[in-house]
Amino acid sequence: MSLDLIIRNGTIIDGSGQSRYRADIGIKGGRIVEIGRIRAAAERVIDADGLIVAPGFIDGHTHMDAQVAWDPLGSCSCWHGVTSVVMGNCGFALAPCKEADREWYAKCLEAVEDIPAEAVMAGINWTWETYPEYLQMVDSVPKALNYGAYIGHSALRMYVMGERAMHEKATEDDLKQMTARVSEAIKAGALGFSTSRASTHFAPDGSPVASRIGDWNEIHQLTTAMTDLNAGIFQIGPDVASGEAQRACLDELRQVALRSGRPVMFGTISTRQGVDPNPWQYQTQYIDDTVAAGGRMYGQSTTRSINALFSLKSYLPFDVLPHWAEVRSRSLEEQKQMMRDPEVRARLVADEAGMKPRDSEFQGGGMATTDPKKPDYTNLFAMKDTRWEDPTVAELSQASGKHPVEVVLDLMLANEDQIFVQPIVNERPEDVLGILKHPRTLATFSDSGAHVCQEMGSSLQTHMLAYWVRDKQAFTLEEAIRMMTFDNASAWEMPNRGLLRTGYAADVVIFDADNVRPLMPTVQRDLPGNARRFVQKADGIVATIINGAVAFENGVSTGQFAGQLMRGPLAAAS
């Protein structure tokens, strides 16, 4: 038998957690057909001597719902060994949607997930109204990655209730219609249903997003649609406004898990910001207790802090201040010239004194730029590399004897690409490690496709390999790969992915374990409408193979787009 592709002489870490071994992998028709010492011929052979061959990484928490329509690469996830993603998280989706409401949906995505509305409207050929029609679009467009999707609560509520969704309780008829739409979506291939109770999630007018207007009875009713079908996952952005609010949210969530019988997922975080929600140990114990009571529940974790990024080319914490706004309205070169002027610098420093002091309110989503508080300079880092060991602006200020704002100005004038990092949650590496070590948490929470102008989480996987495996030796390579492949495939009930086994989809990443690492993020204007975003690539990913096609080599697209729509079990079986 002639094969399409053979990966020869690689060190295989198969995703199961078992020890590595040397072997070849034979691929034909998008599937792995042989593992061992292969003698057959092939159209192409990749020599993986000295390299790790692993299943492609799976990221279950992204917001690429709009991006999939215009970006066949699936960036930035594509550059970090990711082969499959799940979108539609936290209740934010683009379907179902009436034609008259398209711009409103786009503005909601911008308000919560910092995806420029002009990019959404310019980049999408909006051909759908219903959720099954949206999945048809995803299925039809060229794509390098595999995509699965949830139906989102806010989108569903706005579709059924119109403007009432933003301020009214659902009627029995509303609930009946929404429940029918959830069933329709699951049957068409949605992987589940998602919602948000997060106090940081606001609509464009500053009111809570639609899902937050719905009560817990509504959530129970909608998840019952999945119970009746015995299919689908429930994902939620929980309320972490305070410890009390979080406890109340988690108590309700336990009842959803026990009543529905469906898998439940939520973000498990630690934060020092404001009033500290319950420590991560409380959250993981809550998961354990729910499972002991008969529920199915997972926590989702990042592999590092979740950050707001600031730079001269994107946002700065001071942009809304009067003198800063005047400077920031100019071209880049004019800004730098003004920032060198002693009188202008004095006004910029003076402006900072008028900022609101930090308070106990948790800031996330777009709030870090639309309603900024005075920066905590002990928690604002001048990024030098990606190893989580950068100096703070406070430290640089103390060493130089200059005001922190002057330090920021000097660094930007020395390097116009200088990035400043403000950790929002998961600030302490030791807390992140504790969460990742828990057996019921999933290494998946990149938010890839969202917060594109102020965050960058798409390097989750290469950070795991470089920082926690190679630098800190907190996990073996076998453990880390299992966490990012088989564990995630199992949690999202993805058959035939997440392992290197004969008969499985040929989703494979080949990388150099000694050199894999995320690169520094940069600001690019590569979104539709020339909108800007942060972009982060990686070193050490030699090849990414998706459904048997070599999609990327050394970070460069080959132009092969063999990605698939990953439909849920009911649609896949039909």
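S.K.: I would appreciate a short explanation of the confidence of the model for the protein chain in the present structure.
M.R.: Any segment with low pLDDT has predicted coordinates that should not be analysed in fine detail. With 96% of its residues at a pLDDT of at least 70, the protein chain reaches an overall mean of 94. Within the model, the stretch residues 362–368 combines pLDDT values under 50 with 29 contacts to residues more than four positions away or in other chains.

S.K.: What should I look at first to understand the sheet that holds strand β7 (residues 82–87) in this one?
M.R.: Working definition: the strands of a sheet are paired by backbone hydrogen bonds and lie parallel or antiparallel to each other. Sheet architecture is open: eight strands sit in the order β6-β7-β8-β9-β10-β11-β12-β16, paired in parallel fashion. The open sheet terminates on both sides in strands that have one partner only, identified here as β6 (57–59) and β16 (441–443). Averaged over all neighbouring strand pairs, the angle between strand axes comes to 25°, with direction disregarded. The strands touched by helix α3 (residues 131–140) are β7 and β8 (146–152); relative to β8, the strand with the most contacts, the crossing angle is about 165°. Helix α8 (residues 243–260) rests against β10 (233–237), β11 (264–267) and β12 (297–301) of the sheet, and its axis sits at about 155° to β11.

S.K.: What am I meant to see in the sheet that holds strand β15 (residues 419–425) here?
M.R.: Read from one edge to the other, the open sheet built from three strands follows the order β13-β15-β14, with strand pairing classed as antiparallel. The outermost strands of the open sheet, each flanked by one partner alone, are β13 (306–311) and β14 (381–382). Direction of pairing for β14 relative to β15: antiparallel, over a ladder of two bridges. The partner of A382 across the bridge, within β15, is F420.

S.K.: I'm lost on unusual backbone geometry in this one. Help?
M.R.: Most of the time, phi is negative for any residue but glycine, and the peptide bond is trans. For the bond running from S75 to C76, omega is 10°, close enough to zero to count as cis. Relative to the elements of secondary structure, C76 occurs in the loop between β6 and β7. Cis geometry is adopted by the peptide bond preceding P96, which originates at A95 and carries an omega value of -5°. Summarising the element assignment, P96 is placed in the loop between β7 and α1 (102–113). Located in the positive-phi region is N9, a residue other than glycine, with phi close to 65°.

S.K.: Just to check I follow, could you spell out the pairing of strand β9 (residues 192–196) for this structure?
M.R.: A regular strand carries its side chains on alternate faces of the sheet. With five of its five residues buried, β9 lies for the most part within the structure. Note: β8 against β9, three bridges, orientation parallel. Bridge pairing links Y150 to G192 in β9. Sheet topology note: the β9/β10 ladder contains five bridges and is parallel. In the strand pairing of β10, F193 is matched with F234.

S.K.: Looking at this structure, how should I read α8?
M.R.: Because the α-helix completes a turn every 3.6 residues, residues three or four places apart line up on one side. With 18 residues, α8 should cover 26 Å at 1.5 Å per step; its first-to-last C-alpha distance of 25 Å lies within 8% of that length. Among the residues making up α8, those that are buried are G243, A245, Q246, C249, L250, L253, R254, V256, A257 and S260. Looking at the residues trailing α8, positive phi occurs at G261, about 75°.

S.K.: So what exactly am I meant to see when it comes to the pattern of salt bridges here?
M.R.: Where charged atoms from two side chains of opposite charge come close, those side chains can pair. Summed over the entire model, instances satisfying the criterion amount to 32 salt bridges. D526 is the partner of R533 in a salt bridge, and the nearest nitrogen-oxygen pair spans 2.8 Å. Look at D526 and you get partly exposed, because its relative accessible area is 41%. Each of K313, E333, K336, E416 and D417 takes part in salt bridges that share partners, so that together they form one network.

S.K.: In this structure, what is going on with the packing of aromatic side chains? I would like to understand it.
M.R.: The description of an aromatic ring pair uses the distance of the two centres, along with the angle that the planes make with each other. For the structure on display, the rule yields 10 aromatic pairs. Relative to W468, the ring of Y467 lies with its centre 4.8 Å away and its plane at 85°, an arrangement referred to as edge-to-face. The residues Y467 and W468 share a single accessibility class, namely buried. What links up through ring pairs into an aromatic cluster is the set W126, W128, Y131 and Y134. If you follow K437 out to its NZ or CZ, it ends over the ring of F475, 4.4 Å from the centre. Just above the ring of Y315 sits the side chain of R532; from NZ or CZ to the centre is 5.0 Å.

S.K.: Can you help me understand the packing of helix α4 (residues 153–161) against helix α7 (residues 216–229) in this one?
M.R.: Packed helix pairs are characterised by how far apart their axes lie and by the angle those axes make with each other. α7 packs onto α4 with a crossing angle of 95° between their chain directions and a minimal axis gap of 13 Å. Relative to α7, α4 is oriented roughly perpendicular. Side by side, α4 and α7 meet where H153, L156 and R157 of the first sit next to E218, I219 and L222 of the second. When the residues that make up the contact of α4 with α7 are grouped by side-chain class, the tally is three nonpolar, one polar and two charged.

S.K.: What is the right way to look at the packing of α8 against helix α9 (residues 280–292) in this model?
M.R.: Across the interface, α8 lies against α9 with an axial gap of 11 Å and an inter-helix angle of 20°. For the element pair α8 / α9, the angle class is roughly parallel. Crossing of α8 over α9 shows right-handed handedness. In contact with Q246, R247, L250, D251, L253, R254, A257 and L258 of α8, α9 contributes Y282, Q283, Y286, D289 and T290. Its residues assigned to classes, the contact of α8 with α9 comprises six nonpolar, three polar and four charged.

S.K.: Teacher, can you tell me more about the nonpolar core here?
M.R.: Burial of nonpolar side chains together is a common tendency in soluble globular proteins. Residues L94, Y131, Y134, F234, L253, F475 and F511 are the most contacted members of the largest nonpolar core, which totals 110 residues. The contacts of F511, once residues within four sequence positions are left out, are L51, I52, A54, F57, L465, L477, I481, V516, G540, I541 and V542. Counting 30 residues, the second largest nonpolar core, distinct from the first, contains V240, M338, L380 and L409.

S.K.: What is the right way to look at the state of the cysteines in this model?
M.R.: In protein chemistry, a disulfide is the covalent bond that joins the sulfur atoms of two cysteines. Considering all chains together, one arrives at zero disulfides under this definition. The closest cysteine sulfur to the non-disulfide-bonded C78 is located on C76, 7.1 Å from its own sulfur. Here C108 is not disulfide-linked; the sulfur of C97 is the nearest cysteine sulfur, at 9.8 Å.

S.K.: Could you clarify how one ought to interpret the environment of L229 in this entry?
M.R.: Inspection of the secondary structure puts L229 in helix α7. By relative accessible area, which is 21% here, L229 ends up partly exposed. Taking the C-alpha atoms as reference points, L229 and Q335, separated by 106 residues in sequence, lie 58 Å from one another. Once residues within four sequence positions are removed from consideration, L229 is found in contact with S183, I186, K187 and L570.

S.K.: For this particular structure, what's the right way to read the pairing of β12?
M.R.: The buried fraction of β12 is high, at four of five residues. Pairing geometry for β11 and β12, over four bridges, is parallel. Counted as the bridge partner of M265 is Y298 from β12.

S.K.: What is the right way to read the environment of M64 from this model?
M.R.: Mapped onto the elements of the fold, M64 is located in the loop between β6 and β7. In this structure the C-alpha to C-alpha distance between M64 and Y147, which are 83 residues apart in sequence, comes to 8.9 Å. Those residues in contact with M64 that lie beyond four places of it in its chain are G74, S75, S77, V85, M87, Y147, S448 and G449.

How each quantity is defined
- Residues numbered from 1 in each chain as written.
- Predicted model: local features only at pLDDT ≥ 70, side-chain atom pairs only at ≥ 80, totals over all residues.
- Heavy atoms only, no water.
- pLDDT = per-residue confidence, 0-100.
- Contact = heavy atoms within 4.5 Å.
- Pairing = 2+ DSSP bridges.
- Helix = DSSP H or I, 4+ residues; strand = E, 2+ residues; numbered from the N terminus.
- Axes fitted to C-alpha atoms, helices over the stretch in contact; angles between N-to-C directions.
- Buried < 20%, exposed > 50% of the residue type's maximum accessible area, 1.4 Å probe, protein only.
- Expected span 1.5 Å × (residues − 1).
- Salt bridge = Lys/Arg side-chain N within 4 Å of Asp/Glu carboxyl O.
- Phe/Tyr/Trp six-rings, centres within 6.5 Å; stacked < 30°, edge-to-face > 60°.
- Lys NZ or Arg CZ within 6 Å of the ring centre and 35° of its normal.
- Parallel < 35°, antiparallel > 145°, perpendicular 65-115°, else oblique.
- Nonpolar A, V, L, I, M, F, W, Y, C, P; charged D, E, K, R; others polar.
- Left-handed = near helix turned anticlockwise from the far one by under 90°.
- Core = buried A, V, L, I, M, F, W, Y, C linked by side-chain atoms within 4.5 Å.
- Disulfide = S-S within 2.5 Å.

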